[in-house]
Amino acid sequence: MKSLLALLLISLFALGGCASYEYPGELKLGDKMIDVKGSSLAGQNFSIPEDFSGQNTLLIFGYKQDAQFDIDRWLIGLDMTSTQLPVYEIPTIQGMAPRMFSSMIDNGMRKGIPKSLWKGVITVYEDGDAIQRFTGNINPNNARVMLLDSTGVITYFYDQGFSVEALNELRAIHGTE
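Residues numbered from 1 in each chain as written. Predicted model: local features only at pLDDT ≥ 70, side-chain atom pairs only at ≥ 80, totals over all residues. Heavy atoms only, no water.

Q: I'm lost on the sheet that holds strand β1 (residues 36-40) in this one. Help?
A: Consider a sheet: its strands pair through backbone hydrogen bonds, and that pairing is either parallel or antiparallel. On the basis of which strands lie adjacent, the open sheet formed by three strands has the order β2-β1-β5 and antiparallel pairing. Unpaired on one side and paired on the other, β2 (45-48) and β5 (122-123) mark the two borders of the sheet. Sheet topology places β1 next to β5; two bridges connect them, and they run antiparallel. Across the sheet, S39 pairs through a bridge with T123, a residue of β5. (Pairing = 2+ DSSP bridges. Helix = DSSP H or I, 4+ residues; strand = E, 2+ residues; numbered from the N terminus.)

Next comes the structure, spelled out in structure tokens:
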């Protein structure tokens, strides 16, 4: 009975650690992207934005599984317009419980993504709360689309759901239109 009670207390603590908070976002264009760590589904560790210095890079953040629909529309739009830009999908999950099950979550993502694309999907767990606080997470089904310049400065940000107008604005800022 004591072990059952201990398990219940641990479970309650873990669930309390995965509480979700809503943040309106703090970033402004011209800000430098905050420093965060993640790992690609291919197993490579990343320091963002440091590992992208020297090139413009597009980061597409998703905070819920339901954001994948919006992410896919962005990826299809970028492909259909032949936008030449390194693009990374960044699943970003806040809370202690997801960190505890990160291997299981990553393996689930690997099952739905071709192996050739794993290097472009960087999961962020430990810094998930910091990213969501920085970019905002109101309307979490919308992707957060962020263009970094070669020094890690944010030159474009959009979180209102995919639109052709937003894609064209991104392309104009990147210089591909």
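Q: When you look at the packing of aromatic side chains in this model, what are you seeing that I'm missing?
A: Ring pairs (aromatic) are described by centroid distance and by the angle formed between their planes. One pass over the structure, following the stated rule, counts six aromatic pairs. Between W74 and Y158, the ring centres sit 6.1 Å apart and the planes meet at 65°, which makes this aromatic pair edge-to-face. Taken together, the residues span a long stretch of sequence, with W74 in helix α2 (residues 68-80) and Y158 in strand β7 (residues 154-158) at a distance of 84 residues. Measuring from centroid to centroid gives 5.2 Å for W74 and F162, while their planes differ by 90°, and the two rings are edge-to-face. Placement of W74 in helix α2 and of F162 in the loop between β7 and α6 (164-174) is noted, with a sequence separation of 88 residues between them. (Phe/Tyr/Trp six-rings, centres within 6.5 Å; stacked < 30°, edge-to-face > 60°.)

Q: Before we go on, may I ask you to explain α6 in this structure?
A: Counting along an α-helix, one turn takes 3.6 residues, and residues three or four places apart therefore face a common direction. Of all the residues in α6, the buried ones are A166, L167, L170, R171 and H174. The buried residues of α6 occupy one face: seen down the axis, they fall within an arc of 140°. In α6, the exposed residues that point more than 90 degrees away from the buried face are V164 and E165. On the buried face of α6, the contacting elements are β3 (57-62), α2, β6 (144-148) and β7. One or two steps after α6, the chain reaches G175, where phi turns positive at roughly 90°. (Buried < 20%, exposed > 50% of the residue type's maximum accessible area, 1.4 Å probe, protein only. Arc of directions from axis to C-beta. Contact = heavy atoms within 4.5 Å.)

Q: It is not clear to me how the nonpolar core should be interpreted in this structure. Could you clarify?
A: In globular proteins that are soluble, nonpolar side chains generally tend to be buried together. Among the nonpolar cores identified, the biggest contains 19 residues, and M33, I48, L59, F61, I90 and M146 are the most heavily contacted of them. Elements with a minimum of two residues in this core: β2, β3, β4 (87-91), α5 (128-135), β6 and β7. Excluding its chain neighbours within four sequence positions, the residues that come into contact with I48 are M33, I34, D35, V36, L59, I90 and I122. L85, A143, V145 and L147 belong to the second-largest nonpolar core, a separate cluster that totals 15 residues. (Core = buried A, V, L, I, M, F, W, Y, C linked by side-chain atoms within 4.5 Å.)

Q: I would appreciate a short explanation of the side chain of D70 in the present structure.
A: Counting through the fold element by element, D70 comes out in helix α2. Within the structure, D70 has its side chain in polar contact with the backbone nitrogen of F162 (distance 2.7 Å). When neighbours within four sequence positions are excluded, D70 is seen to be in contact with N141, N142, A143, G161 and F162. (Polar contact = N/O pair within 3.5 Å; in protein donor to acceptor, adjacent residues only side chain to side chain.)

Q: Just checking my understanding: could you explain the environment of I131 for this structure?
A: Mapping I131 onto the fold places it in helix α5. Spatially, the C-alpha atoms of I131 and G25 are 9.1 Å apart, while their sequence positions differ by 106 residues. Ignoring anything within four residues of it in the chain, the contact list for I131 reads I34, V36, F61, Y63, T92, V124 and G136.

Q: What's the story with α2 in this structure? I'm lost.
A: Compared with an ideal rise of 1.5 Å per residue, which puts 13 residues at 18 Å, α2 spans 18 Å between its outermost C-alpha atoms and is within 8% of the ideal. For α2, every residue scored as buried is listed here: D70, I71, W74, G77 and L78. Down the axis of α2, the buried set is contained in an arc of 125°. They therefore lie on one face. Relative to its buried face, α2 has exposed residues pointing more than 90 degrees away, namely F69, I76, D79 and M80. (Expected span 1.5 Å × (residues − 1).)

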